[in-house]
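Residue-level structural notes
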Amino acid sequence: MPRGFDGRLCFGGDYNPEQWPEHVWADDVELMRRCAVNLVTVGVFAWSRLEPAPGRFTFGWLDRVLDLLHEGGIAVALATPTASPPPWFSFAHPDALPVTRDGVRLVHGSRDTYCPSAPAYRTAARRIATALAERYAGHPALALWHVHNEYGTVCHCDHAAAAFRDWLRRRYRSLGALNEAWTTTFWSQQYADWEHILPPRATQYLGNPAQLLDYRRFCSDELLACFREQRDVLHELTPDVAVTTNLALGPWVPVDPWAWAPEVDLVAIDHYPSSVEGLDAEQETAFAADLARGWAGGGAWLLMEQAPDIVHTGGRMVPKRPGQLARLSLSHVARGSVGVMNFQWRASPGGAEAFMSAMVPHAGPDSRSFREVAALGLELARIGHVDDPVAADVALVWDAHSWWALQGPGLPAPDLDYWAMSRAVHASAWRLGVTVDVVAPDAPLSAYRVVLVPALFLTSASTASMLESFVESGGHVVVWYLSGVADATVRMHRGGSPGPLAPVLGVRVERHYPLAPETTVALDPDGTGSSWSELLRLDGAEAVLRYADGDLSGEPAVTVRAGRAWYVSTSLDDATQQRLLGEVFAAADVAPAAPAAGPGIEVVRRGRRLFAINHTDHVAEVGTARLSIEPGKFVVANY
Ligand code: GLA
């Protein structure tokens, strides 16, 4: 928890006073107080203001900002500004500029212009982190350290190449083991010397999937080493202040949250839903929050960034619907976030993100969005932090490595989207009102009744045997297509998928039939599949649904073994998937968080506390005692 926040929820956002003249700062604090802001993240991109020349620090302005905030009763998550080195840095250390896979050396003029493996970058990052910790160790406003911003930078330069080779040496120990793991006999890639191994730079044709996957893993570990170096400095100089970093969610992010979570004092995520269709944003928010809680081991975590007033849908920024900010925020809190932080406090006066929404928009405080922000702040102050764990009988297995492998070259279809697949499974449970914990592939499962396994592309024998014991001891498991395809080095399982999951599921996949976009295949007795289909061989399981047209007509599409181990070989339409999960939940005795909540009513139970959010435009009646919730509103009640 941020220091001083026991029992209180955090509310605030990124605050960038360096973008404004000083006379605005007092207005800021006054406005923050009006909307019950109690925590702001300061200095995320302020490196060039804090260290305008190498080793010359200008802390005076930051002293005044922190003093002012403290006088206003507002605590500070102090950032280390290492996501954006200043121009002087790249001139002094051109070798620390990042190189793309095509060999283009990027220059400053944006942000994240550094190579994580460059010694000069690491030294400069430690120096500014140390200087900040020495300066502000005793400052009463300091509540939390916010290291860096959304770690995710990838570089392919010679520094990165050397570090990658070191990482590979530690992982494989011998070139023989590496050659085996990377299947280098294919296309004459056998390595005879460690020095010949490169990052996955641009190649003539498809790259090596195992090399690409290992590079993602290396990037995750290398960035984690960057984080650790700063964290250790901060821990040493300010032992009683928690250290975090804001994890980004997205296919581009080479960070394995399961490996990072134990390294931070508080898991923090940024979340920006990407669709305004129907209840997409609501369902995605619940999924992101459940992921964060999973990474936090079921405990407290913090929503470090969300957009106060827009949803980014591709390149288009669409305003949130009335009340949606509060509803999405409450969903995060219900699912374990200890606060609601936003990007950002005041809209930037210029620069590349001037059109991003802000708690104080360009239009100023006399605006609908500011009024919603203020109402939310006051509401959160009233609710306070709930310690009770989120109650869930269902787990969903989620794996960053499978996500990365499913972005690899040479896959049977170009649109295999792990995020969408796992989200669709989570959304079905969401629509049924059932709360889901997200767990790692090696997590203990005994606390659950049902385990959902979407597209676990890389499945190890140990994960398979844990699932097997889970089913043997009475648990129910549902596995979706593209699970059990390969091992950790993207070597295909002998006998085809679902590989080591075949015995527990009682099926084998003989052949893949990827479906063209926008096409569906009919199922018997009802429902449709899309995206993907498979020719299955039953080996102990029985068919529950069959394909009803095309080449697979009459063949099994959904199967079950022993009434508890389900396999789904296509992307089911929402209604069919919901029906299937409804059946599984009923058989496993899994009930929704509140009976009779109905579609669009999100309910999460935390001990005696019930969070109920009405995402619909009609009055909702929740639970046996008929808790009534106005359209678009929420209640937090003992129930
Ligand atoms: C990210 C970053 C912020 C800002 C926002 C804009 O989450 O962390 O610095 O760029 O996106 O949406």
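See the structure shown above.
These remarks concern the structure in this document. One numbering rule holds for all chains: residues counted from 1, following each sequence as written. Given that this is a predicted model, residues contribute local features only at a pLDDT of at least 70 and side-chain atom pairs are listed and counted only at 80 or more, while totals for whole chains, interfaces and linings are drawn from all residues. Side-chain figures throughout are based on the complete set of non-hydrogen atoms in the structure, without hydrogens or water.

We now examine the overall build of the chain. Across its full length, the chain holds 17 helices and 28 strands. For the chain, the C-alpha radius of gyration of 25 Å lies close to 26 Å, the compact-globule estimate for 639 residues. Along the first, second and third principal axes, the C-alpha atoms of the chain reach 75 × 70 × 40 Å. Counting every position in the chain, which comprises 639 residues, the buried fraction comes to 59%. The long-range share in the chain, meaning contacts at least 24 apart out of those at least 6 apart in sequence, stands at 70%. Every accessible area reported is derived by Shrake-Rupley at a probe size of 1.4 Å, with residue values counting cover from the shown protein chains alone. Here the chain has roughly 24500 Å² of accessible surface; of this, 52% comes from carbon and sulfur atoms. A run of DSSP states H or I qualifies as a helix once it reaches four residues; a run of E qualifies as a strand once it reaches two. Both are numbered from the N-terminal end. The size measure is the radius of gyration over C-alpha atoms, and the globule rule it meets is 2.2 Å times the number of residues to the 0.38 power. Note on classification: 1.4 Å probe, protein chains only; a residue is buried when its accessible area is under 20% of the maximum for its type, exposed when over 50%, partly exposed between these limits. Whether two residues are in contact is decided by their heavy atoms, any of which lying within 4.5 Å being enough.

Looking now at the site of the ligand. The local shell around the ligand consists of Phe45, Arg111, Asn149, Glu150, Asp270, Tyr272, Glu305, His312, Phe343, Glu353 and Met356. At 2.6 Å, a side-chain N or O of Glu150 approaches an oxygen atom of the ligand. Within the side chain of Tyr272, a nitrogen or oxygen atom sits 3.4 Å from an oxygen atom of the ligand. When the free accessible area of the ligand is taken as 310 Å², the share hidden by the protein chains comes to 92%. Polarity classes work like this: nonpolar for Ala, Val, Leu, Ile, Met, Phe, Trp, Tyr, Cys and Pro, charged for Asp, Glu, Lys and Arg, and polar for all others, with Gly in that last group. In the shell around the ligand, the residues fall into 4 nonpolar, 2 polar and 5 charged. The cutoff for a nearby residue is simple: one of its non-hydrogen atoms must lie within 4 Å of the molecule or strand. In protein, a polar contact means a hydrogen-donor-capable atom and an acceptor-capable atom, both N or O and within 3.5 Å, with residues adjacent in sequence counting only if both atoms are side-chain atoms; elsewhere, any N or O pair within 3.5 Å suffices.

A word on the sheet that holds strand β28 (residues 634–638). What the 3 strands build is an open sheet, ordered β24-β25-β28; its pairing is antiparallel. Of all the strands in the sheet, the pair left with one neighbour each is β24 (601–606) and β28. Neighbour to neighbour, the strand axes of the sheet diverge by 15° on average, direction disregarded. In this structure, β24 lies alongside strand β25 (residues 609–614), joined through 6 bridges in antiparallel fashion. DSSP-based pairing: two strands are paired if at least 2 bridges between them are found. Interaxial angles span 0 to 180 degrees and are taken between N-to-C directions of axes, which are lines fitted to C-alpha atoms, for helices over the stretch in contact.

Under the convention used throughout, the expected extent of a helix is 1.5 Å for every residue step, that is, one less than its residue count. The end-to-end C-alpha distance of helix α3 (residues 60–71) is 17 Å, a good match for the 16 Å that 12 residues give at a rise of 1.5 Å each. Residues Trp61, Leu62, Asp63, Val65, Leu66 and Leu69 constitute the buried set of α3. Summarising the contacts, the buried residues of α3 are in contact with β1 (10–15), α1 (22–34), β2 (39–42), α2 (47–50), β3 (75–80) and α5 (119–136). Positive backbone phi, approximately 80°, marks Gly73, located one or two places after α3.

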